[in-house]
Number of protein chains: 4
Amino acid sequence: MRHFLIDTDTASDDAVAMLMALREPSVRVEAVTVVAGNCPLNVCVRNALITIEKANTYTPPVYAGRHGPMLRPLVTAEFVHGQDGMGDMDLPEPALKAANGHAVNAIIETARRFPGELEVVTLGPLTNLALALLMEPQLEDWIKRVYVMGGGGLGPGNMSPVAEFNFMVDAEAVHVLLSSKVPKSIVGWDVCQADDAYIHPQDIERLKASSELGRFVVRCNETLIQFNHQLGLEGFDLPDPTTVAAALYPEMITRQFESYTYVDHQSDKGYGQFVVDFQRLTTEKENATIVASLDGQMFKDKLIELLADQ
Amino acid sequence: MRHFLIDTDTASDDAVAMLMALREPSVRVEAVTVVAGNCPLNVCVRNALITIEKANTYTPPVYAGRHGPMLRPLVTAEFVHGQDGMGDMDLPEPALKAANGHAVNAIIETARRFPGELEVVTLGPLTNLALALLMEPQLEDWIKRVYVMGGGGLGPGNMSPVAEFNFMVDAEAVHVLLSSKVPKSIVGWDVCQADDAYIHPQDIERLKASSELGRFVVRCNETLIQFNHQLGLEGFDLPDPTTVAAALYPEMITRQFESYTYVDHQSDKGYGQFVVDFQRLTTEKENATIVASLDGQMFKDKLIELLADQ
Amino acid sequence: MRHFLIDTDTASDDAVAMLMALREPSVRVEAVTVVAGNCPLNVCVRNALITIEKANTYTPPVYAGRHGPMLRPLVTAEFVHGQDGMGDMDLPEPALKAANGHAVNAIIETARRFPGELEVVTLGPLTNLALALLMEPQLEDWIKRVYVMGGGGLGPGNMSPVAEFNFMVDAEAVHVLLSSKVPKSIVGWDVCQADDAYIHPQDIERLKASSELGRFVVRCNETLIQFNHQLGLEGFDLPDPTTVAAALYPEMITRQFESYTYVDHQSDKGYGQFVVDFQRLTTEKENATIVASLDGQMFKDKLIELLADQ
Amino acid sequence: MRHFLIDTDTASDDAVAMLMALREPSVRVEAVTVVAGNCPLNVCVRNALITIEKANTYTPPVYAGRHGPMLRPLVTAEFVHGQDGMGDMDLPEPALKAANGHAVNAIIETARRFPGELEVVTLGPLTNLALALLMEPQLEDWIKRVYVMGGGGLGPGNMSPVAEFNFMVDAEAVHVLLSSKVPKSIVGWDVCQADDAYIHPQDIERLKASSELGRFVVRCNETLIQFNHQLGLEGFDLPDPTTVAAALYPEMITRQFESYTYVDHQSDKGYGQFVVDFQRLTTEKENATIVASLDGQMFKDKLIELLADQ
Ligand SMILES: [Ca+2]
Ligand SMILES: [Ca+2]
Ligand SMILES: [Ca+2]
Ligand SMILES: [Ca+2]
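Residues numbered from 1 in each chain as written. Chains lettered and ligands numbered in written order. Predicted model: local features only at pLDDT ≥ 70, side-chain atom pairs only at ≥ 80, totals over all residues. Heavy atoms only, no water.

Some remarks on the coordination of the calcium ion (ligand 2)
Residue and element names in this part refer to chain B. Taken together, the protein ligands of the calcium ion (ligand 2) are Asp-9 (OD), Asp-14 (OD), Asp-14 (OD), Leu-123 (O) and Asp-240 (OD), with distances of 2.2 to 2.5 Å. Here the donor residues for the calcium ion (ligand 2) map to a single chain with the spacing D-x4-D-x108-L-x116-D. One end of the pair, Asp-9, is in the loop between strand E1 (2-8) and helix H1 (12-23); the other, Asp-240, is in helix H13 (residues 239-248), with 231 residues separating them in the sequence. Each of the two residues, Asp-9 as well as Asp-240, counts as buried. (Donors = N, O, S within 2.8 Å, 3.2 Å for Na, K, Ca; no water. Helix = DSSP H or I, 4+ residues; strand = E, 2+ residues; numbered from the N terminus. Buried < 20%, exposed > 50% of the residue type's maximum accessible area, 1.4 Å probe, protein only.)

Structure representation (structure tokens):
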């Protein structure tokens, strides 16, 4: 049994990713830690609790963490995910409650319980994980690997011409992770943009037809679908689910490589830019695994399978 | 009774400052938290324990904290304070031991015990305090005031042309404090450089003649005295003790004012520069009290008095 | 008849580009201005003179310009183009001599002679053109369009992970051009890297077989061919000739678009990065035409045709 | 006879400085070059011509130069010097006309005429001089010394907390000068702020009583006097005249020293900061002479003397 911890700024695509992990029988999500990002902290905590109830498998503890980035004011993305982060679908209050204790301490304590075995998946800004690394130096040894949704990979940004949302919200936190020796697999925004991984209208129909959770997944991404529609795009992308998939199913990864990477946390216009030295133009040592592509068909089939009515 | 917490990278002048606070009967040092700065963390912890033993009054718990800055590698200053940070005087191991628990949590818990009453004095890089502020948002309300030794005040730097040691070690931590609403009094390096606050050769003689602790104070600053001598200066400065004095004895402050201040944590050559907009050239609101000068004679008299044999 | 001015840091691929322009009967190269870049200024001037002799058509005046960037020390690229910038082929001294006068003044005076008609092609760092724009504000009106070889287009850099050579040598000069209202078409390094534009071994054989100038073109790129070979690549790219081709033969351009663009001239690691906001994530107005691809077959056929023995 | 060239963004205090130089018999002002700064270029040119007429000695040619900084939009200071830069005193049009030719070329040509002898005094942003240095590398050898009004010396800024007006308008130009080997004496804004150099109300009365030009000097600084009055200050400062005085009368300098200096042209908040490493905290070589103080009494006496009715 693999041991997972999911750190999330739970909005629509985080919810899909969490459903996948909670329904995959070969792993156990030992804790869910929540960070501000797509929405303010309390909204994200509520969405995490709702999602665990929807998964209907088991109930890992949910810990609230930082309400904003390390050094900068919080930037949220309700314009993409809805005011509630879940497509404004008027979800009822969850019966589950968040656990006592801080997400940062929960990351440390969970890793201490599973030294060398804990796999961390981060689906939001890296603030919680960065603070945990700063608070407990041994965490670098305890965590087996971090799977990070963030950065633009080898492509452009989505918040600024050069920066992706999760990394642009808290670039200092990214720098802390990249400076650590924790093994890391980074799944950029480019991965979910690939044609075979992108959720096209026909995939939406397939999801809707497949199960109640399939319909929930489409419904909570409704604001995103509308947002894309206004840009002239049909369908939606699933950055967090592709990241969870890369963590859960290594066989789904069709291309990955080691590289020296860094993040710009000092310049004004470039803040949050994630740079992958894939051409080895610097002399720096490799410090991350870049996941460059997934088998999109396998990803979608697995998603449907995990969401199936039971 | 006032309640103090001292955060320190204990080296020679931190030791003098701690002796003052521990021997001042009107305050109680509730905890000492230690951060890497002048020396690596374990050396600073040892020096803090030795100093408490030397003070011979009471034994606040000592908590170890961060072993380096938030984002950058640690820069130490053994060339100024000696390999042991205490003038290489071959001090015996202390009998006291550090308390269990992390300095960051200790800051939070001590403030929670004395909400609105805890006064924090920082004598080293602000890493511990910054992490505590990030971990516990209520800390901004709980802390009554922070007295900070750091920055160059209205003068130049001492590590780079524009940056003072404590602020240059961890400028991001300074930014976190300055961005918080905690009331803060900042005592720059310029205050202890003023002629009447500086420890001249005649002051050294007076200290030596005054008491055993007076001789200890001179002895543990011996490396600094030699360092200055090579620069053509006689005597030494006491940045941390002047800061503690400003906290303990407001009547000693001869000039202070409110100002908008910020720290450069983004540029290369300017990293760590503390800027005081004393001319009000920006439209930003005041966010700190700048202590600009002390009554040096009163400071030295009080120092001698506090160190007196009992 | 179109009127061209070519600004060049003449090395191997600049030479090919100049041969193309000088042999194309529908344009007249009114002046060649030289800037330091691939090689020191005097080496580039020599190569420009040799190339004009090789072209064997007419002899536009050659003006020496800046010997280095506006604000930074010069970085050259002899490791790519050879010590002489021309594949170390031991070329004899040219009989032609450079004209008197400064390249910056020559740009201004040539534009004044052909107001609204002069088309400028820049094949090196933009230092000369930037200084001309600073010296003569009317130049913005006089120049019909600038065709720039520089930046990575929508791809990565070739000197740093984010910056291409010409733009990284003098990013301030790029900023001056981008801040001006001169119409500009920017041909990035990505254009010549496209498979159909790249000079593969079979293209090399075709060039060698085609004409004396074809053999000269291959010969002067010999150092580059060897450099690529050590990286595991066969053949070579022609950034400057694709840029000249885009200027000479608009029908060869298969994709181009307008975009807001900027260059990083302020950060340390990002210096020289050219950012194309092709997704319109900023609200800035378009300021450049980005040439994204050429018809590589048409390019190679035309190259062979222009170099043909007469 | 010493040979001077004055580069100026002629407003009220530039006018005073020019009157001094034009009336000092031991030097000859060979040319006046004008740059945008306090006011737009054409206003400054007009003021320079008027000032030469007022001086009533001889008429050096006046050349217009750059209408703005190298890389940034122009920031002017009419709020300090009046809409006309001369205290809004409704001065009649000058009969003198500007010479043909660009200020940058005039600097180069004048230096070529007096190689090793030309002394340049800059009273505004350094844009013209920087472009001249970039256009003609030999200028570094031809200029005997540059006397620069700019930077805050060892004190604070006057436009931002860290930057003085002339250097903040065009920090890149400052960088070009500091990177050159031209001998330079830099007179910061601190020099004219010293109590004995500052023009107090009694000095104003003395000026008014002394001569027609004395009254003109007070009158054209009227906007500045009002500006200061609103800040609670009486009187006015004379940054440009103190700089000219340091150039004309070395015996007036009471303190100067060599130092490594640099300017921040890359950061956002620190743009234009001039840093003097007077404590030798870096290992960089000295590159400027810092004029730290003048004999204010001697300065004022000489000013009165030079302005006297003839
Ligand atoms: Ca997320
Ligand atoms: Ca200290
Ligand atoms: Ca070139
Ligand atoms: Ca001026």
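Describing the coordination of the calcium ion (ligand 4)
On the protein side, the calcium ion (ligand 4) has Asp9(D) (OD), Asp14(D) (OD), Asp14(D) (OD), Leu123(D) (O) and Asp240(D) (OD) as donor atoms, found 2.2 to 2.5 Å from it. When the donors of the calcium ion (ligand 4) are listed by position in the chain, the intervening gaps give D-x4-D-x108-L-x116-D.

Things to note about the interface of chain D and chain C
The interface of chain D with chain C comprises 19 residues on the first partner and 19 residues on the second. Here chain D meets chain C over a buried area of about 1700 Å², counting both sides, of which 63% is carbon and sulfur. Considering only the surface of chain D that becomes buried against chain C, Leu71(D), Leu134(D) and Met135(D) emerge as the three largest contributors, covering 40% of it. Linking chain D with chain C are zero salt bridges. (Contact = heavy atoms within 4.5 Å. Buried area = accessible area lost by both parts, 1.4 Å probe. Salt bridge = Lys/Arg side-chain N within 4 Å of Asp/Glu carboxyl O.)

A word on the packing of helix H1 (residues 12-23) of chain C against helix H14 (residues 296-307) of chain C
Residue and element names in this part refer to chain C. At a closest axis distance of 9 Å, the pairing of H1 and H14 adopts a crossing angle of 70 degrees. Between H1 and H14, the crossing angle belongs to the class labelled roughly perpendicular. Viewed along their axes, H1 and H14 form a crossing whose handedness is left-handed. Facing H1, whose interface residues are Val-16, Leu-19, Met-20 and Arg-23, H14 presents Phe-299, Leu-303, Leu-306 and Leu-307. (Axes fitted to C-alpha atoms, helices over the stretch in contact; angles between N-to-C directions. Parallel < 35°, antiparallel > 145°, perpendicular 65-115°, else oblique. Left-handed = near helix turned anticlockwise from the far one by under 90°.)

Remarks on the pattern of salt bridges
Applying the stated criterion to the full structure yields 36 salt bridges over all chains. Asp203(B) is the partner of Lys300(B) in a salt bridge, and the nearest nitrogen-oxygen pair spans 2.9 Å. In this pair, Lys300(B) is assigned in helix H14 (residues 296-307) and Asp203(B) in helix H10 (residues 201-210), connecting sequence segments 97 residues apart. With respect to burial, Lys300(B) and Asp203(B) carry one shared label: buried. Across the pair Glu30(C) and Arg113(C) runs a salt bridge whose closest N-O atoms are separated by 3.7 Å. Taken together, the positions of Glu30(C) in strand E2 (residues 27-34) and Arg113(C) in helix H4 (residues 103-113) put the pair 83 residues apart, joining distant regions of the chain.

Thoughts on the interface of chain B and chain D
Counting residues at the interface gives 19 residues for chain B and 19 residues for chain D. Interface area, chain B with chain D, both sides summed: about 1400 Å², of which 61% is carbon and sulfur. Taken together, chain B and chain D are joined by zero salt bridges. Viewed at the interface, chain D and chain B are joined by five residue pairs in polar contact (both at pLDDT 80 or more). A class-by-class count of the residues in the side of chain B that touches chain D yields 10 nonpolar, seven polar and two charged. (Polar contact = N/O pair within 3.5 Å; in protein donor to acceptor, adjacent residues only side chain to side chain. Nonpolar A, V, L, I, M, F, W, Y, C, P; charged D, E, K, R; others polar.)

Some thoughts on the relation of the copies chain D and chain C
Rotating chain D by 180 degrees about the axis while translating it 0.0 Å along that axis superimposes it on chain C, leaving an RMSD of 0.0 Å. Seen this way, the second copy is the image of the first under a two-fold rotation axis. Among all residues of chain D, the minimum C-alpha distance to the rotation axis is found for Gln266(D), at 2.3 Å. Taken together, the interface assignments show that 100% of the residues at the interface of chain D recur at the interface of chain C, consistent with an identical surface on both copies. (Least-squares fit on C-alpha atoms with pLDDT ≥ 70 in both.)

Points about the UniProt feature "domain: Inosine/uridine-preferring nucleoside hydrolase" (unreviewed entry) in chain A
UniProt records the feature "domain: Inosine/uridine-preferring nucleoside hydrolase" (unreviewed entry) for residues 5-301 of chain A in the present numbering. End C-alpha atoms of residues 5-301 of chain A are separated by 24 Å, and the span's content is 40% helix alongside 17% strand. (UniProt positions renumbered as here; feature names shortened; annotations may be inferred.)

Considerations on the packing of aromatic side chains
All names here are of chain C. For the coordinates displayed, the defined rule picks out 12 aromatic pairs over all chains. An angle of 85 degrees between the planes, with centres 5.2 Å apart, marks the rings of Phe-167 and Phe-274 as edge-to-face. Residue Phe-167 is found in helix H7 (residues 165-169), and its partner Phe-274 is found in strand E9 (residues 274-276); the two are separated by 107 residues along the sequence. In this structure, Phe-167 and Phe-274 share a single accessibility class: buried. Look at Tyr-260 and Tyr-262: their rings are 5.8 Å apart centre to centre, the planes differ by 35 degrees, and that puts the pair in the tilted class. (Phe/Tyr/Trp six-rings, centres within 6.5 Å; stacked < 30°, edge-to-face > 60°.)

A short note on the pairing of strand E2 (residues 27-34) of chain D
Consecutive residues of a regular strand have side chains that alternate between opposite faces of the sheet. All names here are of chain D. Extensive coverage of E2 is indicated by the burial of seven of its eight residues. As judged from the seven bridges shared by strand E1 (residues 2-8) and E2, these two strands associate in the parallel manner. Opposite His-3, over in E2, you have Arg-28 as the bridge partner. Where the polypeptide runs from E1 across helix H1 (residues 12-23) and back to E2, its parallel neighbour, the crossover connection is right-handed. Handedness of the crossover joining E2 and strand E3 (residues 62-64) through helix H2 (residues 41-55): right-handed. (Pairing = 2+ DSSP bridges. Right-handed = clockwise from strand over helix to strand, strands pointing away.)

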